Structures are given as C-alpha cells and as structure tokens.
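Take a look at the letters that make up each chain.
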Amino acid sequence: METAVFNMLDKQFAYNLWANDALFGLCSGLSEAQLAVVAVGVGGSLQETLAHLAYAENNYVYHLSGKRPFSADLDWNALTVAELHERVLVTSGRLLDIASGVDLEKVHTYHRDSGEIFKFYSWSVALQALYHGIEHRTHVKLLLTQLGIAHPELASWDYTESLPINQSSIMI
C-alpha cells in the first residue's frame, strides 16, 4: 500500500480557511449592535477583531509571497463583515495555495519606526498566521458567547469531522 506524502503546513492552512469561513459566515448575519460588543481581554469589538484578523492575513500573504491580495491602504475597519468574509476567503485561500512552496528558512528584515531592525524567518510568519487566527477566532467565539449566540465548534477534531472521509452514510 502506498503512503500519501503531504505537507503538514498545507493541512494547517486548510483548517485555517475552514475555520475562517465558518466564523466569518456566522458573523455576517449579526446586527451592528452585536458587532459592537466588547469584552475585557479581547482588545476590540467583534467587528474590529474580525477586521484585524482579515487585515493581518493580508499581510501574512505579503510576507510569504511578496504580494498582498488587497491594497495596504485598504481601510479594513470600514468594511462590512460580509466584505471581510469575502476577503478573508481570498487571503486564507492564498495562504493555503502558497504554504507548500514557501522557503521557510528565508530571512525577512523589518525596519521599525524606532529605527530598530527586526529579522524573522518565513516559518515564523506561517506560525504566527496560524496562531494569530486561532487566538482571534477564540476572541470572537468569546464575544458571541457573551451575546448568547451559539458559535461554530472550530477545534481540529471538528474540522476533521467535516472532511469527506467522515461524510459516509455507512454506520458501524
């Protein structure tokens, strides 16, 4: 039997796309008042957290590929959640598309406003993109819970359950 070889990073970014689609999809139907909810420890409203997540993914794509799917000048906070959803599907899909081809040892140099130079690897960008997404989706789930709104379950097991291998109608 032949064993399939796969890139774990591809699987992680496939999960990222799935989780973003589920959460942004749910939030697209919320009212302005619901999107304005805040909670201690979250760092912004539900709307601002979603915008921050989408904005950051645009930048992660840039650091890994050299191209932003959307302009660096885009005012992410001015977009509706439906518009953010459309854009995060593009950025999450792009992260998935480029994951297996990234030179993970590539060094990037960032010049901070203070004049300090910060260097980082592509693997650290990939790790940050994944961690950042999980962190802020958790914040959004917390805010939804505060509103009494059931949120999608986004654990890796939930993603695994959604895969075609688990969609069989055969019961054992």
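Figured I'd write up the structure that's included with this text. (Residues numbered from 1 in each chain as written. Predicted model: local features only at pLDDT ≥ 70, side-chain atom pairs only at ≥ 80, totals over all residues. Heavy atoms only, no water.)

## Considerations on the pairing of strand E2 (residues 117-121)
Stage number 1. Sheet topology note: the strand E1 (residues 107-111)/E2 ladder contains 5 bridges and is antiparallel. Bridge pairing links Thr-109 to Lys-119 in E2.
Stage number 2. Hairpin remark: E1 followed by E2, antiparallel, with 5 residues in the connecting loop; positive phi at Gly-115, about 95 degrees. (Pairing = 2+ DSSP bridges. Helix = DSSP H or I, 4+ residues; strand = E, 2+ residues; numbered from the N terminus.)

## A word on the side chain of Thr-91
Stage number 1. By the element assignment, Thr-91 lies in helix H4 (residues 81-99).
Stage number 2. Once residues lying within four places of it in the same chain are set aside, the contact partners of Thr-91 are Glu-57, Asn-58, Val-61, Pro-69 and Phe-70. (Contact = heavy atoms within 4.5 Å.)

## Some remarks on the packing of aromatic side chains
Two aromatic rings are characterised by how far apart their centres lie and by the angle between their planes.
Stage number 1. In the structure shown here, the tally under the stated rule is 7 aromatic pairs.
Stage number 2. Seen from their ring centres, Tyr-15 and Trp-18 are 5.9 Å apart, and the 40 degrees between their planes marks the pair as tilted. A residue pair is termed a helical-turn pair when its members lie 3 or 4 positions apart in one helix, as Tyr-15 and Trp-18 do in helix H1 (residues 8-27) at 3 residues.
Stage number 3. A ring pair is formed by Tyr-121 and Trp-123, whose centres lie 5.9 Å apart and whose planes are at 15 degrees; its orientation type is stacked.
Stage number 4. The exposure class assigned to Tyr-121 is partly exposed, which follows from its relative accessible area of 36%.
Stage number 5. Residue classification places Trp-123 among the partly exposed residues on the basis of a relative accessible area of 39%.
Stage number 6. Aromatic ring contacts, followed pair by pair, group Tyr-15, Trp-18 and Tyr-159 into a single cluster.
Stage number 7. Arg-68 extends its terminal NZ or CZ atom over the ring of Tyr-62, reaching a point 4.0 Å from the ring centre. (Phe/Tyr/Trp six-rings, centres within 6.5 Å; stacked < 30°, edge-to-face > 60°. Buried < 20%, exposed > 50% of the residue type's maximum accessible area, 1.4 Å probe, protein only. Lys NZ or Arg CZ within 6 Å of the ring centre and 35° of its normal.)

## Here we look at H1
Stage number 1. Between the first and last C-alpha of H1 there are 29 Å, a value that for 20 residues agrees with the 28 Å anticipated at 1.5 Å per step.
Stage number 2. For H1, the complete set of buried residues consists of Leu-9, Phe-13, Ala-14, Tyr-15, Asn-16, Ala-19, Asn-20, Leu-23, Phe-24 and Cys-27.
Stage number 3. Packed against the buried residues of H1 are helix H2 (32-35), helix H3 (46-65), H4, helix H5 (122-146) and helix H6 (156-162). (Expected span 1.5 Å × (residues − 1).)

## Some words on the environment of Thr-160
Stage number 1. Looking at the element boundaries, Thr-160 is found in helix H6.
Stage number 2. Looking at Thr-160, the relative accessible area reads 29%, which means it is partly exposed.
Stage number 3. Taking the C-alpha atoms as reference points, Thr-160 and Lys-106, separated by 54 residues in sequence, lie 31 Å from one another.

## Looking at a nonpolar patch on the surface
Stage number 1. There is a patch of nonpolar side chains on the surface, built from Leu-104, Val-107, Tyr-121, Trp-123 and Leu-127 and spanning about 450 Å² of accessible area.
Stage number 2. Residue position: Trp-123 is located in helix H5. (Patch = residues over 30% accessible without salt bridge, like charges linked within 9 Å, V, L, I, M, F, W, Y side chains within 5 Å. Areas by Shrake-Rupley, 256 points an atom, 1.4 Å probe, with all protein chains shown as cover. Salt bridge = Lys/Arg side-chain N within 4 Å of Asp/Glu carboxyl O.)

## What to know about the pattern of salt bridges
Stage number 1. For the structure shown, the criterion picks out 1 salt bridge.
Stage number 2. In this structure, the salt-bridge partner of Arg-112 is Glu-116, at a minimum N-O distance of 3.1 Å.
Stage number 3. Since its relative accessible area comes to 32%, Arg-112 is described here as partly exposed.
Stage number 4. On the basis of relative accessible area, Glu-116 is assigned to the partly exposed category, the value being 45%.

## Here's the deal with the nonpolar core
Stage number 1. Among the nonpolar cores identified, the biggest contains 27 residues, and Cys-27, Leu-30, Leu-46, Leu-50, Leu-84, Val-140 and Leu-144 are the most heavily contacted of them.
Stage number 2. Elements with a minimum of two residues in this core: H1, H3, H4 and H5.
Stage number 3. Not counting residues up to four positions away in its chain, the partners in contact with Cys-27 are Leu-35, Leu-46, Leu-50, Val-81, Val-140 and Leu-144.
Stage number 4. Core analysis: the second largest hydrophobic core is formed by 15 residues, Val-61, Leu-64, Val-102 and Ala-126 among them. (Core = buried A, V, L, I, M, F, W, Y, C linked by side-chain atoms within 4.5 Å.)

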